[in-house]
Amino acid sequence: MTGLLVICYWLTNVGHSHAPAPRIAPTAKASDVLGYWNTQPRLKKCEAGPGAADEIHAEVQLKNYGKFLEEYTSQLRRIEDALDDSVGDVWDFNLDPIALKLLPYEQSSLLELIKTENKVLNKVITVYAALCCEIKKLKYEAETKFYNGLLFYGEGATESSMVEGESQIQMGRFVSFLQELSCFVTRCYEVVMNVVHQLAVLYTSNKICLNKMDGLSETCYVTGVVFSNRNLWIHTPAETSGVHFQTLYEHLGELLTVLITLDEIIDNHATLKDHWTMYKRLLKSVHHNPSKFGIQEDKLKPFEKLLLKLEGQLLDGMIFQACIEQQFDSLNGGVSVSKNSTFAEEFAHSIHTIFANVEAKLGEPSEIDQRDKYIGICGLFVLHFQIFRTVDKKFYKSLLDVCKKVPAVTLTANIIWFADNFLIQKMPAAAKLLDKKSIHAIKTHRESFLQQKAQLLTKEMQSYYVFVSSWMTKMESILSREQRMDKFAEDLSSRCSVFIQGFLYAYSLSTIIKTTMNLYMSMQKPMTKTSVKALCRLVELLKAIEHTFYRRSMVVADSVTHITQYLQYQALNSISVAKKRVISDKKYSEQRLDVLSALVLAENILNGPSTKQRRLIVSLALSVGTQMKTFKDEELLPLQVVLKKLDLISELSERVKVQCDCCFLYWHRAVFPIYLDDVYENAVDAARLHYMFSALRDCVPAMMNARHLESYEVLLECYDKEIMDVLNEHLLDKLCKEIEKDLRLSVHTHLQLEDRNPFRVGMKDLAHFFCLNPIRFFNRFIDIKVYVTHYLDKTFYNLTTVALHDWATYSEMRNLATQRYGLIMTEAHLPSQTLEQGLDVLEIMRNIHVFVSRYLYNLNNQIFIERTSNNKHLNTINIRHIANSIRTHGTGIMNTTVNFTYQFLRKKFYIFSQFMYDEHIKSRLIKDIRFFREVKDQNDHKYPFERAEKFNRGIRKLGITPDGQSYLDQFRQLISQIGNAMGYVRMIRSGGLHCCSSAIRFVPDLEDIVNFEELVKEEGLSEETQKAARQLDSVLGDLARNFAEGTEYFKMLVDVFAPEFRSPKNMHLRNFYIIVPPLTLNFVEHSISCKEKLNKKNKSGAAFTDDGFAMGVAYILKLLNQYQEFDSLHWFQSVREKYVKEIRAVAKQQNVQSTNQDEKLLQTMNLTHKRLDVYLQEFELLHFSLSSARIFFRADKTAAEESQEKKEKEEEPSKTSDGDLSSSTPADPIVK
């Protein structure tokens, strides 16, 4: 459906009886409906003539109607699904495409509603009801139009507005608004006058009988009430005391509050007054030279008079004062007001009664609108004083005492009102009766109230947080529960209580926020950050209440109708009891008849929708109906409670909306940056941003009443820009930079960075921001996730274009952003060549002898690290570098690199053979083998550690190089270089796999690669296409072959050297396994020495890894097929036993020496213990590395087992059927 669908939920009883219209259920099928039509008499076929055509036409229309019904049914079903009352299926609070109006409505007028046999009562109630309705309309107009127009004057001023003359232009646009306001104020004066006259006529000490009624004109101005010979009220003061139209006085108070508010807004509006002064000066300039401005002089004088009138009426702060200073006594002998003692007493009695009700509720949790009524009471009190010139000192003091409980009242937005200032200013004579100390005490109390509020604000916030959370839970629980018919009334009562509780929380929160913020602003006191945060939390709670009502609005709407009916039923019961009591009393009197008429009227009115008019009439009727003790005390109070509930529930959605309206935040938007900083610091609660933006949007409807700019849209744009600038500065930009910083630090963890341990420096999980739904603000959606993603995409792209060699770093950061924060990043699609490949494969291949001596291999991370460097950093080479090189040079370089490695190994193995053949070495090794065979049974088949140490020392005696290295050190280095070469081959293989896998990832099945050339030939495509297909087949074949052969490099290098190593002519090499223990001992000493140098200032020779040694030992043992011989030595077990034994001995000595308390000896033993631990740890590490390296060479199988397995594999193809040998052609040998 296009457009905005507005469903008005009419709770109405129009007052006319109509037959119920036939209704089609949303779930009804078109066939069901058509079935009805099929049962009706069909058109008779006419054998000839136009009748047949008519029948065909009818059939077509019927089909079209059926089609329409089917479409309409599906639409209804979609609407029904959208408006389902379950928890999850609600429309979006931010979009609000469907508005639900929940106000009761009817088209009946007051004259139609107020109908009893008592004509005089009808007229009185009609007049008072009409006046109350008029006051409500005036109040609504003031709140929606005039307050906002005045408040927003001068707002939205951009830099261009500072140009000279702009303020006069704004005021020029605003004059028409002021003229409308003048008419509005005049109208308010007339209504106040009318209300006073109507009440004065009613409460008079003289017998006045008017023979005609002036009628209800369009302005609802009624000058009198008709009294017949049987007057409605007996005219002596004693007998009229039973009837008190409190409702009318309350409405009059509301109208006076409007005038007071207008005065306060203008009085606090410095900009308006300044611009008005400038505008008057401009007018004087125009007056001196009208022709220059193109204005006729005769039109200028009336305009000046109009401005003077507007200034005197509106801008001098005399709106309320002029109202109460009106001439209320009619000059032509009509209504007398000031000398009407009965009216004076009734007026004072009503004020006292209203005040007593209000004061009891002020500051209580059950407070609803008592603060607003308090302003009205003060206005009424001043009006009473102005008319009758009498003052009740005790009551005056009571009004001022309320200031201790309620130091200030917010009139609207940021306008705050102080009752003491108002009463002292408007009644200076009465103020003189009070001592100055009590007046000063009120102002002192106001300051102390603010200080106390600041201290308790955080606790209040926490309390309300619990209250509102539990209320929301209760709301969900009650509304989700199915209504049981046997407990229907109980369920309605609980729902009613929950709804009212929610409203009360909203009222309390709204009052705290407005009063505190406006007091700070009015008294020009600085607010602490803690207070700001607490107030913002309260704003969130306020919007959470509104959102809860909104989210369950379908169920609330359904419940409200039932609750209002239930409350009406309760009220009717109470009235029915009273009515029976009146009827049962047989004593007839005119007053009793009036009471009965009033009760009948209330009954009739309650039998209908609970509209504002009906509830007003009930209130007025009961003012008459409750006299003569019609109701008992225990009956009257429950009835009043029920009627109050009825008022609240009937206007629930409107009242909740008013209380949760955060338009006032526009005037306190300075707190928004602090709030955003708090949200950023506490990212866990990021979801509360929705509530705050919902609150910030509340001022938009009010801004639409701005009249000083060309269009209100200018003001909206300024506000939009201001909020977005603050959001970007205090949240979005900070978030972007923090995410980018986190990604950079995470990618560069190999550098020595600042401490990022979350247990020490804390952790801020910013990922919560990316789980938020987009935030709606004005006509845009703020999607934090998209914003940050765009920023990172833009930054990474720009920086990559500046330094192309960093592409891999930014690619890694993109992946990390996706994994850690769920950001869907865009690929840069920049050229794929890179400079980030360390040493080139070709360079390493040509100088492999230099590479293996200058670089150290790390087995676990598959990385080569430079041994020493003249620079401040060490170069590294990893799989990604190798893959980049292979992609640059092509996969063919892999085979060439392995061939170069083979040539290098041949040279190294020649030196290896010479060392093993040396007489000094060979004789010692043979001696060690013989020794082990002799003593192995005694040593539990373990090679003695002492023998390896002795061998190490013995070799050292043969001589050392100028660098201080023994022959065993050089032999260890040789084996490490051989191991480094094998590690390089492994890295070439991994890099090839990495490169090939990225290139071949689009091939679905490597085992079954389609031949594109054959497919192209079958389709009979052109020669060029066939050539391209042939090229593609060649590329795919190369990729597949290189991808497969990469896994065989180690096997090839074993197979090519193993026969020679195991041949009888190289028997001297068979002694290698016995030299491994001394070699490992030599390696561990060297390794510990290198690691200790890391902590020294001179780091020459420092290293933390050298897994090339383990790789070399594993490779040579495999070539010699000596894994079992080496394992028979149980060398690492022997080492472990030796060090464990020594550690235990040292520990035992430590225990003994600890009693002697020889500190030096204890320190020595601690160092010994530590050294033994380090040695044991290094041996364990070497053992693990060697075990890992042996896996590459299939250490689990001997040479005999491998040859047997090879034979079996060769025999398998010969046994296969069909002799399919062509598919298993061996790959071309790499090593020549």
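Residues numbered from 1 in each chain as written. Predicted model: local features only at pLDDT ≥ 70, side-chain atom pairs only at ≥ 80, totals over all residues. Heavy atoms only, no water.

Caption draft 1: The overall build of the protein chain, seen in detail. A count of helices and strands for the protein chain gives 46 helices and nine strands. Burial status across the protein chain gives 47% buried among its 1232 residues. Once local pairs closer than 6 in sequence are excluded, the contacts in the protein chain between residues at least 24 apart make up 79%. A total of about 64900 Å² of accessible surface is found on the protein chain, and carbon and sulfur atoms cover 53% of it. (Helix = DSSP H or I, 4+ residues; strand = E, 2+ residues; numbered from the N terminus. Buried < 20%, exposed > 50% of the residue type's maximum accessible area, 1.4 Å probe, protein only. Contact = heavy atoms within 4.5 Å. Areas by Shrake-Rupley, 256 points an atom, 1.4 Å probe, with all protein chains shown as cover.)

Caption draft 2: Representation of the nonpolar core. The biggest cluster of nonpolar side chains holds 239 residues, and the ones touching the most others in it are Phe245, Tyr374, Leu689 and Ile784. Among the elements that take part in this core, helix H5 (residues 166-202) stands out by supplying 19 residues, more than any other. Leave out the neighbours within four places in its chain, and Ile784 touches Leu689, Leu731, Leu732, Leu735, Phe769, Phe770, Leu772 and Ile775. With 90 residues, the next largest nonpolar core counts Tyr1049, Leu1069, Tyr1073 and Leu1117 among its residues. (Core = buried A, V, L, I, M, F, W, Y, C linked by side-chain atoms within 4.5 Å.)

Caption draft 3: Seen up close, the sheet that holds strand S8 (residues 863-866). On the basis of which strands lie adjacent, the open sheet formed by three strands has the order S7-S8-S9 and antiparallel pairing. Across the chains shown, the open sheet's two edge strands, defined by having one partner strand only, are strand S7 (855-858) and strand S9 (876-878). Each neighbouring strand pair of the sheet contributes to a mean axis angle of 20°, computed without reference to strand direction. Here S7 runs beside S8; their pairing, made up of four bridges, is antiparallel. Looking at S8, one finds that Tyr857 is bridged to Phe864. Helix-sheet contacts for helix H37 (residues 967-1000) involve S7, S8 and S9, and the interaxial angle to S8 is about 130°. (Pairing = 2+ DSSP bridges. Axes fitted to C-alpha atoms, helices over the stretch in contact; angles between N-to-C directions.)

Caption draft 4: Focus on empty space enclosed by the protein. Scanning the entire structure with this criterion turns up three cavities of 30 Å³ or more. Around the second largest cavity, the lining residues are Cys536, Leu665, His668, Arg669, Val671, Phe672, Tyr675, Met692 and Leu696. Contributing elements (two or more residues each) for the lining of the second largest cavity: helix H24 (672-681) and helix H25 (689-697). (1 Å grid on protein atoms, 1.4 Å probe; cavity = no way out; pocket = protein on both sides within 12 Å on 5 of 7 lines; lining within 4 Å. Points joined across faces, edges and corners; volume = space filled by probe spheres on them.)

Caption draft 5: Structural view of the environment of Val582. By the element assignment, Val582 lies in helix H19 (residues 553-584). It is 9.7 Å that separates the C-alpha atoms of Val582 and Lys629, two residues lying 47 residues apart in sequence. Residues in contact with Val582, not counting those within four places in the same chain, are Arg592, Val595, Leu596, Leu599 and Thr630.

Caption draft 6: Quick peek at a nonpolar patch on the surface. A surface patch of nonpolar side chains, amounting to about 300 Å² of accessible area, comprises Val1010, Phe1012, Leu1015 and Leu1032. Relative to the assigned elements, Leu1015 resides in helix H38 (residues 1012-1019). On the basis of relative accessible area, Leu1015 is assigned to the partly exposed category, the value being 39%. (Patch = residues over 30% accessible without salt bridge, like charges linked within 9 Å, V, L, I, M, F, W, Y side chains within 5 Å. Salt bridge = Lys/Arg side-chain N within 4 Å of Asp/Glu carboxyl O.)

Caption draft 7: Local environment of helix H45 (residues 1159-1192). With 34 residues, H45 should cover 50 Å at 1.5 Å per step; its first-to-last C-alpha distance of 50 Å lies within 8% of that length. Taken together, the buried positions of H45 are occupied by Met1165, Leu1172, Tyr1175, Leu1176, Glu1178, Phe1179, Leu1182, Ser1185, Leu1186, Ala1189 and Arg1190. Looking at the residues trailing H45, positive phi occurs at Arg1194, about 55°. (Expected span 1.5 Å × (residues − 1).)

Caption draft 8: Representation of the pairing of strand S3 (residues 409-412) in the model. Relative to strand S4 (residues 415-417), S3 is paired through three bridges, and the arrangement is antiparallel. In the sheet register, Thr410 faces S4, and the bridge partner there is Ile416. Counting the residues that bridge the hairpin from S3 to S4 gives two residues, and of these Ala413 lies at a positive phi of roughly 50°.

Caption draft 9: Up close: the environment of Val1035. Inspection of the secondary structure puts Val1035 in helix H39 (residues 1023-1045). Considered as a pair, Val1035 and Ile1000 are 35 residues apart in the sequence and their alpha carbons are 9.9 Å apart.

Caption draft 10: View of the packing of helix H4 (residues 119-151) against helix H21 (residues 612-625). Where H4 contacts H21, the two axes come as close as 10 Å, and the packing angle between them is 130°. Judged on the interaxial angle alone, H21 and H4 are oblique. In the packing of H4 onto H21, the handedness of the crossing is right-handed. Facing H4, whose interface residues are Leu121, Ile125, Tyr128, Ala129, Cys132 and Cys133, H21 presents Gln613, Leu616, Ile617, Leu620, Ala621 and Val624. Across the contact of H4 with H21, the residue classes break down as 11 nonpolar, one polar and no charged. (Parallel < 35°, antiparallel > 145°, perpendicular 65-115°, else oblique. Left-handed = near helix turned anticlockwise from the far one by under 90°. Nonpolar A, V, L, I, M, F, W, Y, C, P; charged D, E, K, R; others polar.)

Caption draft 11: View of helix H27 (residues 712-747). With 36 residues, H27 extends 50 Å between its outermost C-alpha atoms, agreeing within 8% with the 52 Å of an ideal straight helix rising 1.5 Å per residue. At Asn728, H27 shows its maximal kink, close to 45°. (Bend = angle between axes of the 7 residues up to and from the residue.)

Caption draft 12: Quick peek at the side chain of Asp420. Relative to the helices and strands, Asp420 is located in helix H14 (residues 419-426). Aside from chain neighbours lying at most four places away, what touches Asp420 is Leu400, Cys403, Ile442, Lys443 and Arg446.

Caption draft 13: Just the environment of Leu538, in detail. Along the polypeptide, Leu538 turns up in helix H18 (residues 529-551). Sequence-wise, Leu538 and Ile512 are 26 residues apart; in three dimensions their C-alpha atoms are separated by 8.6 Å. In this view, Leu538 contacts Leu457, Met461, Tyr464, Leu509, Ile512 and Ile513; residues no more than four positions away in its chain are not counted.

Caption draft 14: Structural context of a positive patch on the surface. A cluster of like positive charges, contributed by Lys927, Arg930, Arg933, Lys950, Arg953 and Lys957, occupies part of the molecular surface. When residues of the positive patch are traced back to their parent elements, those giving at least two are helix H35 (919-935) and helix H36 (945-957). Looking at where Lys927 falls in the secondary structure, it is placed in helix H35. (Lys, Arg positive; Asp, Glu negative; His and termini not counted. Charge placed at Lys NZ, Arg CZ, Asp CG, Glu CD.)

Caption draft 15: The confidence of the model for the protein chain, seen in detail. Per-residue pLDDT for the protein chain has a mean of 83; in total, 85% of the residues score no lower than 70. Of all helices and strands in the protein chain, the one with the weakest mean pLDDT is strand S1 (residues 5-8) (32), whereas helix H6 (residues 246-267) scores best (96). Long-range and interchain partners of residues 85-91, a stretch whose pLDDT sits below 50, account for 19 contacts in this model, where long-range means more than four residues apart. Confidence over residues 206-240 falls short of pLDDT 50; this stretch has 72 contacts with residues more than four positions distant or in other chains. (pLDDT = per-residue confidence, 0-100.)

Caption draft 16: Broad picture of unusual backbone geometry. The residue Phe778 is not glycine, and still its phi comes out positive at about 55°. Along the chain, Phe778 turns up in the loop between strand S5 (775-777) and strand S6 (780-782). If you check the backbone angles, Asn1121 has positive phi at about 55° while not being a glycine. By the secondary structure assignment, Asn1121 is in the loop between helix H42 (1108-1120) and helix H43 (1123-1127). We classify Asn1121 as partly exposed; its relative accessible area is 27%.

Caption draft 17: Local environment of the pattern of salt bridges. Under the criterion given, the structure shown has 49 salt bridges. The salt bridge involving Glu311 is made with Lys280; its shortest N-O contact spans 2.9 Å. Linking Glu311 in helix H9 (residues 297-315) with Lys280 in helix H7 (residues 270-288), this pair joins segments that are 31 residues apart in sequence. Taking relative accessible area as the criterion, Glu311 reaches 18% and is therefore assigned buried. On the basis of relative accessibility, which here comes to 28%, the residue Lys280 falls in the partly exposed class. Across the pair Arg371 and Glu367 runs a salt bridge, and its minimum N-O distance is 2.8 Å. Comparing Arg371 with Glu367 shows no difference in burial state: the two are buried. Because the salt bridges share partners, they merge into one network encompassing Arg537, Glu540, Asp678, Asp685 and Arg688.

Caption draft 18: Expanded view of the packing of aromatic side chains. Scanning the model with the defined rule gives 62 aromatic pairs in all. Here Tyr153 and Phe174 contribute two aromatic rings whose centre-to-centre distance is 4.6 Å and whose plane-to-plane angle is 45°, an arrangement assigned as tilted. Remark: Phe174 occurs in helix H5 and Tyr153 occurs in the loop between H4 and H5; sequence separation between them is 21 residues. On the basis of relative accessibility, which here comes to 1%, the residue Tyr153 falls in the buried class. (Phe/Tyr/Trp six-rings, centres within 6.5 Å; stacked < 30°, edge-to-face > 60°.)

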